[in-house]
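Here is how the chains run, residue by residue.
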Amino acid sequence: MKLDKQRVEKAEQELINAMKSANIHELDKLLHDHLLFNLPNGLTITKATDIETYATKTLQVEKINVIEQSINLIVDNAVVITVIEMKGKHLSAPIDGKYKIIRVWKNFPDGLKVIAGSNQNL
């Protein structure tokens, strides 16, 4: 299937919904098996680590509001930069702030998958 901005926007929304509902099945579908993602504290996590965080409720997302989003298509990849407001808990500590996230999506025969990303506090 051809890569276009609407497909990427839809995949981004599916990912946000999966994060909010801790939908492990959906996260597994949207994240590539070899995902690498940098956290604001400098740690790099994998798909397994990310999914475990939701499965164990270490991270609980109450709300995510997208403030702005930019999508750059490069052949069968999409680079997405998003600014969000997020509220929730991590290890019982409150999360309430703005974050800038970059995600790299790759178009595979079975759909779009995040292959890399990073986020930073604003």
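Just above sits the structure.
The structure displayed is predicted, hence computed values, not measured ones.

(A) Representation of the pairing of strand β1 (residues 31-38) in the model. Relative to strand β6 (residues 111-121), β1 runs parallel, the two being bridged by four bridges. Looking at the pairing, N38 lines up with S118 of β6. Where β1 lies against strand β2 (residues 44-46), three bridges are found, and the strand directions are antiparallel. Note on β2: the bridge partner recorded for N38 is T44. Here β1 folds back onto β2 in antiparallel fashion, the turn holding five residues, of which G42 has a positive phi close to 95 degrees.

(B) Representation of the sheet that holds β1. Strand order in the open sheet formed by six strands is β2-β1-β6-β5-β4-β3, with mixed pairing between adjacent strands. Looking along the sheet, the strands with just one partner apiece sit at the ends: β2 and β3 (59-74). Across the sheet, the mean angle separating the axes of adjacent strands is 20 degrees when strand polarity is ignored. Of the pairings in the sheet, the one linking strand β4 (residues 77-90) to strand β5 (residues 93-108) comprises 14 bridges and is antiparallel in character. Residue pairing in the sheet places T82 in a bridge with I101 of β5. Contacts from helix α1 (residues 5-21) reach β1, β3, β4, β5 and β6 within the one sheet, and its direction differs from that of β3 by about 165 degrees.

(C) Just the layout of surface pockets, in detail. Quantified by volume, the largest pocket comes out at close to 640 Å³. Taken together, 27 residues make up the lining of the largest pocket; nearest its centre are L39, P40, I45, L59 and N119. The residue inventory of the lining of the largest pocket, partitioned by class, reads 18 nonpolar, seven polar and two charged. Roughly 160 Å³ of volume is contained in the second largest pocket. Surrounding the second largest pocket, R7, K10, A11, E14, K29, L30, D110, G111 and L112 form its lining. Secondary structure elements with two or more residues in the lining of the second largest pocket: α1, α2 (24-30) and β6. With four residues, α1 is the largest single contributor of residues to the lining of the second largest pocket. Partitioned by chemical class, the residues of the lining of the second largest pocket number three nonpolar, one polar and five charged.

(D) Examining the pairing of β3 more closely. In the sheet, β3 pairs with β4 via 14 bridges, with the strands oriented antiparallel. Paired with N65 across the two strands is E85, which belongs to β4. Taking the residues between adjacent antiparallel strands as the criterion, β3 and β4 are bridged by two residues, where V75 takes a positive phi near 55 degrees.

(E) Representation of unusual backbone geometry within the structure. Even without being glycine, L91 reaches a positive phi, approximately 55 degrees. If you check the backbone angles, S92 has positive phi at about 70 degrees while not being a glycine. Considering the arrangement of structural elements, one finds S92 in the loop between β4 and β5.

Definitions and cut-offs
Residues numbered from 1 in each chain as written. Predicted model: local features only at pLDDT ≥ 70, side-chain atom pairs only at ≥ 80, totals over all residues. Heavy atoms only, no water. Pairing = 2+ DSSP bridges. Helix = DSSP H or I, 4+ residues; strand = E, 2+ residues; numbered from the N terminus. Axes fitted to C-alpha atoms, helices over the stretch in contact; angles between N-to-C directions. Contact = heavy atoms within 4.5 Å. 1 Å grid on protein atoms, 1.4 Å probe; cavity = no way out; pocket = protein on both sides within 12 Å on 5 of 7 lines; lining within 4 Å. Points joined across faces, edges and corners; volume = space filled by probe spheres on them. Nonpolar A, V, L, I, M, F, W, Y, C, P; charged D, E, K, R; others polar.

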